[in-house]
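# Reading the structure
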Amino acid sequence: MEQTGQVDSDGSVNTDTSGRYHTDCLNMMYPRLKLTRNLLTDDGVIFISIDDAEQANLKKNADEIFGEKNFLAQVIWERAFSPINLKKNFSESHDYILVYGKDASKIVSNGLKRSQEANDRYSNADNDSRGPWTSGDLSVGPAIVKNIYPITTPGGREVMPPSGYSWRLSESNLKEYIEDNRIWFGEDGNNTPRIKRFLSEVKQTVVPMTVWKYEDVGHSQSASQYLKRLFDEKAYFSYPKPVPLIQRIVELYSNPNSIVLDFFSGSATTAEAVMRMNVEDGGNRRFIMVQLPEQLSEKDVAFKDGYKTIPEIAEERIRRAGDKIVEENPLFADKLDIGFKVFELSKSNIKKWQMDTDNLEEQLSLIKDNFEPGTTPLDIVYEIMLKQGIDLNHSIREYNQGYSTIYDIDFGSMFVVLGDAIESNVADFIIEQRNEDDTKNTVVVFQDEKFVSDSAKLNAIEILNANGIEYNDILSI
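Being a predicted model, the structure only gives us computed values, none of them experimental. (Residues numbered from 1 in each chain as written. Predicted model: local features only at pLDDT ≥ 70, side-chain atom pairs only at ≥ 80, totals over all residues. Heavy atoms only, no water.)

Of the regular secondary structure elements, the chain holds 14 helices and 21 strands. Taken over C-alpha atoms, the radius of gyration comes to 31 Å for the chain, far larger than the 23 Å a tight globule of 477 residues would show. Projected onto the principal axes, the alpha-carbon positions of the chain cover approximately 105 × 65 × 45 Å. Among the 477 residues that make up the chain, the fraction classed as buried is 44%. Summarising the internal contacts of the chain: among those between residues at least 6 apart in sequence, 67% fall at separations of at least 24. Approximately 26200 Å² of the chain is accessible, and the part contributed by carbon and sulfur atoms is 49%. Averaging the locations of the 53 positively and 77 negatively charged side chains of the chain gives two centres separated by 7 Å. (Helix = DSSP H or I, 4+ residues; strand = E, 2+ residues; numbered from the N terminus. Rg over C-alpha atoms; globule rule 2.2 N^0.38 Å. Buried < 20%, exposed > 50% of the residue type's maximum accessible area, 1.4 Å probe, protein only. Contact = heavy atoms within 4.5 Å. Areas by Shrake-Rupley, 256 points an atom, 1.4 Å probe, with all protein chains shown as cover. Lys, Arg positive; Asp, Glu negative; His and termini not counted. Charge placed at Lys NZ, Arg CZ, Asp CG, Glu CD.)

Structure (structure tokens):
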């Protein structure tokens, strides 16, 4: 679900709570809703799912954050199809999905694709060259006096509109419609006239209604059963969202290149919905799933199967769903992108220098190794990418040069050089690679203390600068 924002213009955000946490969850949601509003572009849309228990409070919070004028709809999703008789008064069968825009005046819905069932209502009884058509009532009420007149059918029968009604068309307009073969008098030419409406002239999308039936978008039980089959008959999640529900959300407000953000991703239904939408329309949507690393109980089936947190199960769900989608669509397998990267929020991997005379020896040790224990080279690379504002989805190519490793990010946009004995010839390699990629602007980041000598570092910097890389774009960590 879910959300684009900038992260892309038209898009949607699905903040999925399902009422599981009630007030605590609303407290968690408030700052995320504010952040989401800042991420959205002017035509971005957010979908927020919740149950009856906190719907009223959530509506107040969302009105405050997004503004009442940007409220688009409150959708009722039929999430259950049979009553729970253990309930005392009522068995809840629905959840709410609140829909807001960043600026309602700039938002345009894609609508929903017409169903095959709707198209099947059209036929072509008279072999009209304009293709399949259906007919609509020519009469309308309340009556317009000037449009009450007799119509003579081709069979010679005179027809008047029903009492209290008039014809939709004036006499002159009716004549034009008849000449254009847009009035249907039945196969024998004696029926009450009707207006022909051609499938080719009908809008190919429909405006969604605010009640979403489980027959159209699935229900909690169908979603649970699907996930159980995906995980070899293991029931890891209770009350997950069905994929068709999230697909409908993505369909309404995303475009083929949107980025969809889900701030309460849970079982990662949104990720699968995005991949399936890409299959349907050939899109290249991407997803960002955000989920707290909630620990599983040792009593949980998933824990016994080796999963420790909800995100770990979600990651496996994305892998399995991606493989299933490829299996189901072998003709498009080469075009489908089912890959994803996993990031965890953490403190910096780079130690900070602090003037601490009481622990001077410890601070001086940073000169030898300024990375936190357990840090991997890619941890450093991704942290630098974040700090430089570079998309984490960009390609990373790794090259070895002597005792150093050079990471080429986004085809020469940035080079990160790490290692144990960095020599000045890494600069020659970087220039050669940059020229091969024909990159105009390049940033180079060195692991400062790993140069074999100060002169090697200075030589590397001068080689880079002499070949067009500005001193300000040569950085050290």
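Right, let's get into the side chain of E78. Topologically, E78 is positioned in strand β3 (residues 71-78). By relative accessible area, which is 18% here, E78 ends up buried. From its side chain, E78 meets the backbone nitrogen of Y214 in a polar contact 3.3 Å long. If sequence neighbours within four positions are ignored, E78 has contacts with S93, H94, W212, K213, Y214, E215, G218 and H219. (Polar contact = N/O pair within 3.5 Å; in protein donor to acceptor, adjacent residues only side chain to side chain.)

Successive side chains on a regular strand alternate, one facing one side of the sheet and the next facing the other. Pairing between strand β6 (residues 133-137) and strand β12 (residues 194-198): 5 bridges, direction antiparallel. Looking at the pairing, G136 lines up with I195 of β12. Examined bridge by bridge, strand β11 (residues 183-184) and β12 share 2 bridges and lie antiparallel to one another. For W184, the partnering residue across the bridge sits in β12 and is R194. (Pairing = 2+ DSSP bridges.)

The next thing to look at is the pattern of salt bridges. Under the counting rule described, the total for this entry stands at 29 salt bridges. Residue D437 is joined to R397 by a salt bridge in which the shortest nitrogen-to-oxygen separation is 2.6 Å. Residue D437 is found in helix α13 (residues 425-437), and its partner R397 is found in strand β17 (residues 396-401); the two are separated by 40 residues along the sequence. Overall, the relative accessible area of 22% leaves R397 in the partly exposed class. (Salt bridge = Lys/Arg side-chain N within 4 Å of Asp/Glu carboxyl O.)

The 5 strands lie next to each other as β17-β18-β19-β20-β21, forming an open sheet whose pairing is mixed. In this open sheet, the two edge strands, each paired with only one partner strand, are β17 and β21 (474-476). The mean angle between the axes of side-by-side strands here comes to 20°, regardless of whether they run parallel or antiparallel. When strand β18 (residues 404-409) meets strand β19 (residues 414-419), the two strands line up antiparallel, connected through 6 bridges. Following the sheet pairing, S404 is matched in β19 by G419. Each of β17, β18, β19 and β20 (443-446) is contacted by helix α12 (residues 377-387), which is oriented at about 150° to β19, the strand it contacts most. Relative to the sheet, α13 contacts β17, β18, β19 and β20, its axis offset from that of β17 by approximately 145°. (Axes fitted to C-alpha atoms, helices over the stretch in contact; angles between N-to-C directions.)

Moving on to the packing of α13 against helix α14 (residues 454-466). Across the interface, α13 lies against α14 with an axial gap of 8 Å and an inter-helix angle of 25°. Here α14 runs roughly parallel to α13, going by the angle between their axes. Read as a crossing pair, α13 and α14 show a hand that is right-handed. Counting all contacts with α13, which are made through A427, D428, I430 and I431, the residues of α14 involved are A460, I463 and L464. Looking at side-chain class alone, the contact of α13 with α14 contains 6 nonpolar, no polar and 1 charged residues. (Parallel < 35°, antiparallel > 145°, perpendicular 65-115°, else oblique. Left-handed = near helix turned anticlockwise from the far one by under 90°. Nonpolar A, V, L, I, M, F, W, Y, C, P; charged D, E, K, R; others polar.)

Once that is clear, we can look at the sheet that holds β6. Across the sheet, 3 strands lie side by side as β6-β12-β11; this open sheet has antiparallel pairing. The open sheet is flanked by β6 and β11, the only strands paired with a single partner.

Take unusual backbone geometry next. Of note, the bond from G141 into P142 is cis; its omega dihedral lies within 30 degrees of zero at 0°. If you check the backbone angles, N181 has positive phi at about 55° while not being a glycine. By the element assignment, N181 lies in the loop between α4 (171-179) and β11. N181 sits in the partly exposed class, given a relative accessible area of 33%.

The next point concerns the packing of aromatic side chains. Following the criterion strictly, the structure yields 10 aromatic pairs and no others. Taking the centre distance of 5.9 Å and the plane angle of 50° together, the rings of F47 and Y253 count as tilted. Of the two residues, F47 sits in strand β2 (residues 45-50) while Y253 sits in helix α7 (residues 243-253), which places them 206 residues apart along the sequence. According to the relative accessible area criterion, F47 is buried, its value standing at 1%. Relative to Y307, the ring of Y236 has its centre 5.5 Å away and its plane inclined at 65°; by these criteria the two rings are edge-to-face. In this pair, Y236 sits in the loop between α6 (220-230) and α7 while Y307 sits in the loop between α9 (301-304) and α10 (310-328), placing the two residues 71 residues apart along the sequence. An identical accessibility class is assigned to Y236 and Y307; each is buried. Three or more aromatic residues link up through ring pairs in this structure, and these residues are F66, F71 and Y100. (Phe/Tyr/Trp six-rings, centres within 6.5 Å; stacked < 30°, edge-to-face > 60°.)

The next thing to look at is helix α8 (residues 269-281). Taking 1.5 Å of rise per residue, 13 residues should cover 18 Å, and α8 covers 19 Å from first to last C-alpha, within 8% of that figure. Note on α8: the residue one or two positions beyond its end, G282, has a positive phi of about 70°. (Expected span 1.5 Å × (residues − 1).)

In this structure, N124 sits in the loop between α3 (116-119) and β6. The exposure class assigned to N124 is partly exposed, which follows from its relative accessible area of 25%. Residues within four places of N124 in sequence aside, it is in contact with G131, P132 and W133.

The next point concerns the packing of α7 against α8. Put simply, α7 and α8 touch, their axes get as near as 8 Å, and they point 60° apart. Comparing the axis directions of α7 and α8 gives the class oblique. The handedness of the crossing between α7 and α8 comes out as right-handed. Of α8, the residues touching α7 (which contributes V243, I246, Q247, V250 and E251) are T269, T270, E272, A273, V274, R276, M277 and E280.

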